[in-house]
Amino acid sequence: MAADGNTEDYPHEIDDQLTGFDSSVTAIKTMLDKLPRNDVMQKLDPLDQAKLDLMSAYTLNSLFWMYLVTQGINPREHGIKQELERIRTYMNKVKEITDRKKAARLDKGAAARFVRSALYEPDEKDSRKKSASKKAADAKPDTPQFKRPKQSRS
């Protein structure tokens, strides 16, 4: 921009900044030109394609926002603000879908086994109790044994 010879349109104090900005934009453009977008898009699943499209749209609109600022136009009063908000809304929707995919899912088989083992089953438990009480009754002697109370030493 500074090399165009059109130095009367802006203050000379920002020459270095404009030159740096121009070289950054040129570098971004060459990087985007090298990117085989169609090949990349075909390899992605639909959710990742949506993320890439939204990121690209948001980036371009943000650059346009910066362009408006450099032209002295208030971007908050321009239609670009609504466009950025619309893109953010879609980004939030994609994020919700991604979060829903990552959410824990119920393993129905494991839950059924857990509930089955935790539930009271009267047939099995009664037979266990009967066999346990029968064994205990067989082990008891006929004469009751009394415990002697402990004597305290004085």
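Structure first, text after, so check above.
Everything numeric in this text was worked out from a predicted model, so none of it was measured. (Residues numbered from 1 in each chain as written. Predicted model: local features only at pLDDT ≥ 70, side-chain atom pairs only at ≥ 80, totals over all residues. Heavy atoms only, no water.)

Participant: Pulling in residues and values, what's your account of the overall build of the protein?
Facilitator: If you tally the helices and strands in the protein, you get six helices and zero strands. The linear arrangement of helices and strands in the protein, starting from the amino end, is α-α-α-α-α-α. Counting over 154 residues, the protein shows a buried share of 8%. Across the protein, contacts joining residues at least 24 apart in sequence account for 37% of those joining residues at least 6 apart. (Helix = DSSP H or I, 4+ residues; strand = E, 2+ residues; numbered from the N terminus. Buried < 20%, exposed > 50% of the residue type's maximum accessible area, 1.4 Å probe, protein only. Contact = heavy atoms within 4.5 Å.)

Participant: Tell me about the side chain of Thr98, and name the residues and values.
Facilitator: Among the secondary structure elements, Thr98 is positioned in helix H4 (residues 80-102). For Thr98, a relative accessible area of 12% gives the class buried. Leave out the neighbours within four places in its chain, and Thr98 touches Leu47 and Lys51.

Participant: With reference to specific residues and values, describe the packing of helix H3 (residues 46-70) against H4.
Facilitator: Interhelical geometry of H3 versus H4 gives an angle of 155° and a closest axis separation of 10 Å. With respect to their mutual orientation, H3 and H4 come out roughly antiparallel. Relative to H4, H3 is oriented so that their crossing is left-handed. Residues Leu47, Ala50, Lys51, Leu54, Met55, Ala57, Tyr58, Asn61, Ser62, Phe64, Trp65 and Leu68 of H3 pack against Ile80, Lys81, Glu83, Leu84, Ile87, Arg88, Tyr90, Met91, Val94, Ile97, Thr98 and Lys101 of H4. A per-class count over the contact of H3 with H4 returns 16 nonpolar, three polar and five charged. (Axes fitted to C-alpha atoms, helices over the stretch in contact; angles between N-to-C directions. Parallel < 35°, antiparallel > 145°, perpendicular 65-115°, else oblique. Left-handed = near helix turned anticlockwise from the far one by under 90°. Nonpolar A, V, L, I, M, F, W, Y, C, P; charged D, E, K, R; others polar.)

Participant: Residues and numbers for the pattern of salt bridges, please.
Facilitator: Counting across every chain of the model gives two salt bridges. Here Arg86 makes a salt bridge to Glu83, at a shortest N to O gap of 2.6 Å. Linking Arg86 with Glu83, this pair stays in helix H4, spanning three residues, or about one helical turn. Under the relative-accessibility criterion, Arg86 is labelled partly exposed at 41%. Under the relative-accessibility criterion, Glu83 is labelled partly exposed at 26%. For Asp99, the salt bridge identified is with Lys95, shortest N-O distance 3.6 Å. Separated by four residues within a single helix, Asp99 and Lys95 lie in helix H4, roughly one turn from each other. Lys95 gets classed as exposed once you look at its relative accessible area, which sits at 51%. (Salt bridge = Lys/Arg side-chain N within 4 Å of Asp/Glu carboxyl O.)

Participant: I'd like a description of the layout of surface pockets, backed by residues and values.
Facilitator: Taken as a whole, the second largest pocket encloses approximately 350 Å³ of empty space. For the second largest pocket, the lining is made up of 12 residues, of which Ile28, Leu32, Ser56, Thr59 and Leu60 are closest to its centre. Elements supplying a minimum of two residues to the lining of the second largest pocket: helix H1 (15-34) and H3. Taken together, the residues of the lining of the second largest pocket sort by class into eight nonpolar, two polar and two charged. (1 Å grid on protein atoms, 1.4 Å probe; cavity = no way out; pocket = protein on both sides within 12 Å on 5 of 7 lines; lining within 4 Å. Points joined across faces, edges and corners; volume = space filled by probe spheres on them.)

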